[in-house]
Amino acid sequence: MDLKTLREVAQVSDPVERARVLSRLMTEEQGLVTEAAKMRRQAIAEARESGMSLEDIAGRLGVSPGRISQMRKGPAARAPEGPASSAPRVLVQRALPTEPAVRGSKSLFLAEAERQGLKADRRMLYVGLEPASEHVAACLRIEPEAEIVARRKMMSANDVPVRIATSYFRADLFGDTRIAEPEFVTPSLQSALTALGYAFGHAEENLTARSPTTFERETLELDPGEWVVQVLRASYSTEGTPIHVLETICAASRHIFPIGQVSGYDEF
C-alpha cells in the first residue's frame, strides 16, 4: 500500500465500499508487516549465530540492545489477564525550573533519581560535532547547520529508559576544551564551565509535547502512540554569552514535571 493507492481509494464515492477496500488493504499490509518482522528475526538470529553480540547488532542498526531483544522475541501468545493497568513502568520527576543544588551536582538526573529512591543509570551515546538544529542554533545565537559540540546521554530508572539528554555547546568556544572530550566531565559539567571562566547569569526553559522521532522512539523503547516531552534549557553567562543548551527528551508516560513558583511574587 502506497500513497497513490490511498489517493485512488479516497475517490471511491460509496463510503461503505471505500471502508471495505481500506479494510482489505490494511489486512494485507498487516500481513506484510508480520512477515517482515519474521524475516527480521531470522536475520538477527543469523547475525547472532555468526558470533555478533547484541551490542554489535544494535550499533549497526542504530538502536539500543534492549530494542534488539524486543525484535528477537516478536509477538508471543499470552495467558488471559485482567484489565490492563494504566500505570507506567516507572515514574520519575523532572523539576521546572531545576533547583540550583541539583543543577550543580555530578548529574542532574542521578541527583533527582536518588531523591526519589530510584536505581538510576546513564550511558553516553555520542560526543562530537554535529550540525545545529534551528531551535538549538537560535539558543546558541549561531546559524542553523553550523557545527556545534554535542554530548548525548541516555538515562534509565530501575532499568527502564526514561530520557535522552543532549548538551550543546558552541564549537568556537568549547571545541578545543575538555567539554568536547568523549568521557563524562568530572567532577561536574558545571565546575568545568566555571574553571573556563564563565559565571552563570540566567537561564530560559521551554517545555514542548510532541510525537517522537524514530531515534527517540527506538532508544526510549516507547509504546506505539506514546509521546515525548522536550525540555529545552538555554543558559547564559553574566555577560550574556550563550554557554550551554540542554535538550532533554522525556518519555511522556514515565515522567511528572513539578513546577516551582518563586515565593512573594504571586497571588492566590
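A quick note: this is a predicted structure, and the numbers were derived from the prediction, not measured.

Reading guide: rules and limits
- Residues numbered from 1 in each chain as written.
- Predicted model: local features only at pLDDT ≥ 70, side-chain atom pairs only at ≥ 80, totals over all residues.
- Heavy atoms only, no water.
- Salt bridge = Lys/Arg side-chain N within 4 Å of Asp/Glu carboxyl O.
- Buried < 20%, exposed > 50% of the residue type's maximum accessible area, 1.4 Å probe, protein only.
- Helix = DSSP H or I, 4+ residues; strand = E, 2+ residues; numbered from the N terminus.
- Contact = heavy atoms within 4.5 Å.
- pLDDT = per-residue confidence, 0-100.
- Phe/Tyr/Trp six-rings, centres within 6.5 Å; stacked < 30°, edge-to-face > 60°.
- Pairing = 2+ DSSP bridges.
- Patch = residues over 30% accessible without salt bridge, like charges linked within 9 Å, V, L, I, M, F, W, Y side chains within 5 Å.
- Areas by Shrake-Rupley, 256 points an atom, 1.4 Å probe, with all protein chains shown as cover.
- Axes fitted to C-alpha atoms, helices over the stretch in contact; angles between N-to-C directions.

Enquirer: How should I be thinking about the pattern of salt bridges in this particular structure?
Expert: Between side chains of opposite charge, a pair can form when the charged atoms approach closely. Throughout the structure, instances matching the rule amount to six salt bridges. Across the pair Glu216 and Arg210 runs a salt bridge, and its minimum N-O distance is 2.9 Å. We classify Glu216 as buried; its relative accessible area is 8%.

Enquirer: Is there a simple way to think about the environment of Met155 in this case?
Expert: Of note, Met155 is situated in strand 3 (residues 147-157). On a C-alpha basis, the gap between Met155 and Arg123 in space is 6.6 Å, while along the polypeptide they are 32 residues apart. Setting aside chain neighbours within four positions, we find Met155 in contact with Phe109, Asp121, Arg122, Val160, Pro161, Val162, Arg163 and Ala165.

Enquirer: Help me out: how do you make sense of the confidence of the model for the protein chain in this one?
Expert: Note that predicted coordinates carrying low pLDDT should not be read in detail. For the protein chain, mean pLDDT is 81; residues scoring 70 or higher make up 80% of the total. In the model, residues 76-87 has pLDDT below 50 throughout and makes zero contacts with residues more than four positions away in sequence or in other chains.

Enquirer: Looking at this structure, I do not really get the packing of aromatic side chains. What am I missing?
Expert: Each aromatic ring pair is described using two quantities: the centre-to-centre distance and the angle formed by the ring planes. Within the structure shown, the criterion is met by two aromatic pairs. Each ring, one from Phe169 and one from Phe174, has its centre 5.4 Å from the other, and the planes form 65°; the classification is edge-to-face. Both residues of the pair, Phe169 and Phe174, count as buried. Relative to Tyr198, the ring of Phe174 has its centre 5.5 Å away and its plane inclined at 45°; by these criteria the two rings are tilted. Of this pair, Phe174 sits in helix 8 (residues 171-174) while Tyr198 sits in the loop between helix 9 (189-195) and strand 5 (200-210), and the two are 24 residues apart along the sequence.

Enquirer: I tried to follow the pairing of strand 3 on my own but got confused; where do I start?
Expert: Each regular strand shows side chains that alternate between the opposite faces of the sheet. When you tally the buried positions in strand 3, you get 10 out of 11 residues, the bulk of the element. Pairing analysis gives 11 bridges linking strand 2 (residues 120-131) to strand 3, with the strands arranged antiparallel. From the neighbouring strand, Asp121 faces strand 3, where its bridge partner is Ser156. Sheet analysis places strand 3 next to strand 4 (residues 160-170), joined by 10 bridges and oriented antiparallel. The residue of strand 4 that forms the bridge with Arg151 is Ser167. Linking two consecutive strands that pair antiparallel, namely strand 3 and strand 4, is a turn of two residues; a positive phi of about 55° is found at Asn158 within it.

Enquirer: Sorry, what's going on with a nonpolar patch on the surface here?
Expert: Taken together, Leu125, Tyr126 and Phe215 make up a surface patch of nonpolar side chains, about 230 Å² in accessible area. By secondary structure assignment, the location of Leu125 is in strand 2.

Enquirer: Help me understand the sheet that holds strand 7 (residues 242-251), please; the structure alone is not making it clear to me.
Expert: Note on sheets: strands pair through backbone hydrogen bonds, and any given pair is parallel or antiparallel. In space, the six strands of this open sheet follow the order 2-3-4-7-6-5, with antiparallel pairing throughout. A single partner strand is all that each edge strand has here, and the edge strands are strand 2 and strand 5. For this sheet the average axis-to-axis angle between neighbouring strands, irrespective of direction, equals 15°. Inspection of the sheet shows strand 4 paired to strand 7 by six bridges, in the antiparallel sense. Of the residues in strand 7, the one forming a bridge with Ala165 is Thr248.

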